[in-house]
Amino acid sequence: MAQFSWTTWHWHPDIITALFLVGGLYLIGVGPLRKKYRWAIRVPKYKLVLFFSGLAFLYIALNSPLHELSDNFLFSAHMVQHIILMILVPPLLILGIPTWLFQPILRPVFFTKIAKFILSPVVAFLLFSSVFSVWHFPPFYDATLRYHYLHVLEHLLFISAATVMWWPILVDLPEIPRPSYPVQMGYLFFLSLPPGFIGAAITFSKEVKYTWYEEMPRIWGISPLLDQQIGGLIMKLFGAASFLIVLGVVFFIWYKREYPAVFSDKEDFTA
């Protein structure tokens, strides 16, 4: 009989070590290095909250009972984990890092040229979409669950590709200017297509595509096919829809800047 508990946490020393290392480097950057090189007078508290919230969600995704549920019981739980790793964690980490902390890295012209190329909307879209699509191809997906090192690689690529993907929307630097609002909206629309199409294909499949979950113990009376359909819906609704929601936010910001009078509290009665 399947045994699962929401109160049983699995401690992975490699993940905990990596989180402490990343958090420590961040604190050194916004603390001693900031003061030494006078990069900024202070760091807004909300930046710290955002960054460490990102690390907290990363810990939850990889170390909580959700990880056990996604690896050994439910495909749908695995989709929730992937949503956290790609849609939630990277934006929190990016928004939590002050822009002046990126600039020392970009001072060498060589690094700036590479960053401009990788972080351009077209390349970022192709990189993220390729990583996302390839790892959800059934043979590769099942392989990650059978071989631990492939699973680690998959998660690292998800987080890295998603960080690159979110950059053109969230970061504006003199060295790498943010694209115009129309370009951002087009970029977000196209980003919604891969999870939308793949999620639909998974949801409406008449057969179980991910055989690993057919071999796993069943839990809560959910059949492998129903589990797969729920996972496809999660990918489609939370994956694809998140990009469209951000698209709406970008449109609102653009419209507000183009037509500030529409949002003014004061009416102009002059003839």
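Heads up: the structure comes first, above all this text.
Please read these numbers as outputs of a predicted model, since none were measured by experiment.

1. Structural notes on the packing of aromatic side chains
Phase 1 of the analysis: Counted by the stated rule, this structure contains 26 aromatic pairs.
Phase 2 of the analysis: Put simply, the rings of Phe 4, Trp 6, Phe 73 and Trp 220 pair up and form one aromatic cluster.

2. What to know about the environment of Val 43
Phase 1 of the analysis: Its location among the elements puts Val 43 in the loop between α1 (13–37) and α2 (45–63).
Phase 2 of the analysis: Classification of Val 43 by relative accessible area gives buried; the value is 15%.
Phase 3 of the analysis: Once the C-alpha coordinates of Val 43 and Phe 111 are considered, the two residues, 68 residues apart in sequence, prove to be 25 Å apart.
Phase 4 of the analysis: Not counting residues up to four positions away in its chain, the partners in contact with Val 43 are Val 30, Arg 34, Leu 48, Pro 98 and Trp 100.

3. Some thoughts on the nonpolar core
Phase 1 of the analysis: Ranked by size, the top nonpolar core spans 73 residues in total, and within it Phe 128, Met 165 and Phe 243 carry the most contacts.
Phase 2 of the analysis: Top element by residues in this core is helix α4 (residues 75–96). It accounts for eleven residues.
Phase 3 of the analysis: The contact partners of Phe 128, leaving out residues within four places of it in the chain, are Met 86, Ala 161, Ala 162, Met 165, Leu 191 and Phe 243.

4. As for the pattern of salt bridges
Phase 1 of the analysis: Applying the stated criterion across every chain, the model contains one salt bridge.
Phase 2 of the analysis: The salt bridge involving Glu 215 is made with Arg 146; its shortest N-O contact spans 3.1 Å. Here Glu 215 is found in helix α12 (residues 212–215), whereas its partner Arg 146 is found in helix α8 (residues 138–146), with 69 residues between them in sequence.
Phase 3 of the analysis: Arg 146 sits in the partly exposed class, given a relative accessible area of 37%.

Cut-off values and rules
- Residues numbered from 1 in each chain as written.
- Predicted model: local features only at pLDDT ≥ 70, side-chain atom pairs only at ≥ 80, totals over all residues.
- Heavy atoms only, no water.
- Phe/Tyr/Trp six-rings, centres within 6.5 Å; stacked < 30°, edge-to-face > 60°.
- Helix = DSSP H or I, 4+ residues; strand = E, 2+ residues; numbered from the N terminus.
- Buried < 20%, exposed > 50% of the residue type's maximum accessible area, 1.4 Å probe, protein only.
- Contact = heavy atoms within 4.5 Å.
- Core = buried A, V, L, I, M, F, W, Y, C linked by side-chain atoms within 4.5 Å.
- Salt bridge = Lys/Arg side-chain N within 4 Å of Asp/Glu carboxyl O.

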